[in-house]
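These are the residues of each chain, in order.
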Amino acid sequence: MNNKGRSTPRVVCCAIPIARAAGKVLVITSRKRPNNWVLPKGGWEPTDGVLEAAASREALEEAGVRGKITRFVTTIPSASSTYHFYELDVADLDHEWLESKERRREWVDYAEAVRRLSWKAELAQGLSLSTLAPKR
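Nothing here was measured: the structure is a model prediction, and the numbers come from that model.

(A) Spotlight on the packing of aromatic side chains. Inspection of every chain in the model, using the stated rule, returns two aromatic pairs. Look at tyrosine 83 and phenylalanine 85: their rings are 6.3 Å apart centre to centre, the planes differ by 25°, and that puts the pair in the stacked class. In this structure tyrosine 83 comes out as buried when scored by relative accessible area, which is 5%. On the basis of relative accessible area, phenylalanine 85 is assigned to the buried category, the value being 0%.

(B) A look at the side chain of arginine 103. If you trace the backbone, arginine 103 turns up in the loop between strand S6 (81-93) and strand S7 (105-109). A distance of 3.4 Å separates a polar atom in the side chain of arginine 103 from a polar atom in the side chain of glutamate 62. A polar contact of 2.5 Å, which involves the side chain of arginine 103, links it to the side chain of glutamate 99. Not counting residues up to four positions away in its chain, the partners in contact with arginine 103 are Ile28, Thr29, Ser30, Arg31, Val38, Glu62 and Trp97.

(C) Representation of the side chain of aspartate 94 in the model. Its location among the elements puts aspartate 94 in the loop between S6 and S7. Using a relative accessible area of 15% as the deciding quantity, one classes aspartate 94 as buried. Here arginine 66 takes part through its side chain, which lies 2.8 Å from a polar atom of the side chain of aspartate 94. Beyond its immediate stretch of four places on either side in the chain, aspartate 94 contacts Leu60, Gly64, Arg66 and Arg105.

(D) Representation of the pairing of strand S2 (residues 24-29) in the model. Taken across its six residues, S2 has five buried, putting it largely inside the fold. Sheet topology places strand S1 (residues 10-19) next to S2; two bridges connect them, and they run antiparallel. Bridging from a neighbouring strand, alanine 19 pairs with lysine 24 of S2. The loop that links S1 with its antiparallel partner S2 comprises four residues; one of these, glycine 23, has a positive phi angle of about 70°. As defined by bridge partners, S2 adjoins S7 across five bridges and the pair is classed as antiparallel. When the sheet's bridge partners are listed, valine 25 is paired in S7 with valine 108.

(E) Seen up close, the state of the cysteines. The full count for this structure, using the stated rule, is zero disulfides. Unpaired in terms of disulfides, cysteine 13 finds its nearest cysteine sulfur in cysteine 14, a separation of 8.9 Å.

(F) A look at the nonpolar core. Of all hydrophobic cores here, the largest spans 34 residues; its most connected members are Ile16, Val25, Leu39, Phe85 and Leu127. For this core, the secondary-structure elements that each account for two or more residues are S1, S2, strand S3 (37-38), helix H1 (51-63), strand S5 (65-77), S6, helix H2 (110-117) and helix H3 (121-128). The dominant element in this core, judged by the number of residues it contributes, is S1, at six residues. Look past the residues within four positions of phenylalanine 85 in its chain and what remains in contact with it is Cys14, Ile16, Leu39, Arg71, Phe72, Val73, Thr74, Ile76, Glu122, Leu123 and Gly126.

(G) Spotlight on the environment of asparagine 36. Its place among the elements puts asparagine 36 in the loop between S2 and S3. Judged by its relative accessible area of 21%, asparagine 36 is partly exposed. Sequence-wise, asparagine 36 and arginine 103 are 67 residues apart; in three dimensions their C-alpha atoms are separated by 11 Å. If sequence neighbours within four positions are ignored, asparagine 36 has contacts with Ile28, Thr29, Ser30 and Trp119.

What counts as what
Residues numbered from 1 in each chain as written. Predicted model: local features only at pLDDT ≥ 70, side-chain atom pairs only at ≥ 80, totals over all residues. Heavy atoms only, no water. Phe/Tyr/Trp six-rings, centres within 6.5 Å; stacked < 30°, edge-to-face > 60°. Buried < 20%, exposed > 50% of the residue type's maximum accessible area, 1.4 Å probe, protein only. Helix = DSSP H or I, 4+ residues; strand = E, 2+ residues; numbered from the N terminus. Polar contact = N/O pair within 3.5 Å; in protein donor to acceptor, adjacent residues only side chain to side chain. Contact = heavy atoms within 4.5 Å. Pairing = 2+ DSSP bridges. Disulfide = S-S within 2.5 Å. Core = buried A, V, L, I, M, F, W, Y, C linked by side-chain atoms within 4.5 Å.

As structure tokens, this is what we get:
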């Protein structure tokens, strides 16, 4: 198990920012891989309290998203991390935000989001379990 020096997997909280009326999801570029797209995500910190708060904080820091967590989606364990996904209904986007000089953001439809996230299996899987996914 690759925990990068940790004794337990890292707890990662992931927001799925949604514009419900438009049926779109907001994706952002990765800082480590600027040509790759991700969902806002990051490590849970004790000051966050609950996991939902971490997902909301990461959305604000990484994408300038303000809104409300509306639904827990799923938990996906990997070798080094445990991902917790939450739908976030977007109310507003900040013009400038903490990481605005380091990332791009773009509203895309579900199919395009899955395509862009396919390089990172956990992210594509989390999105596929959201309410944006086509009904099977």
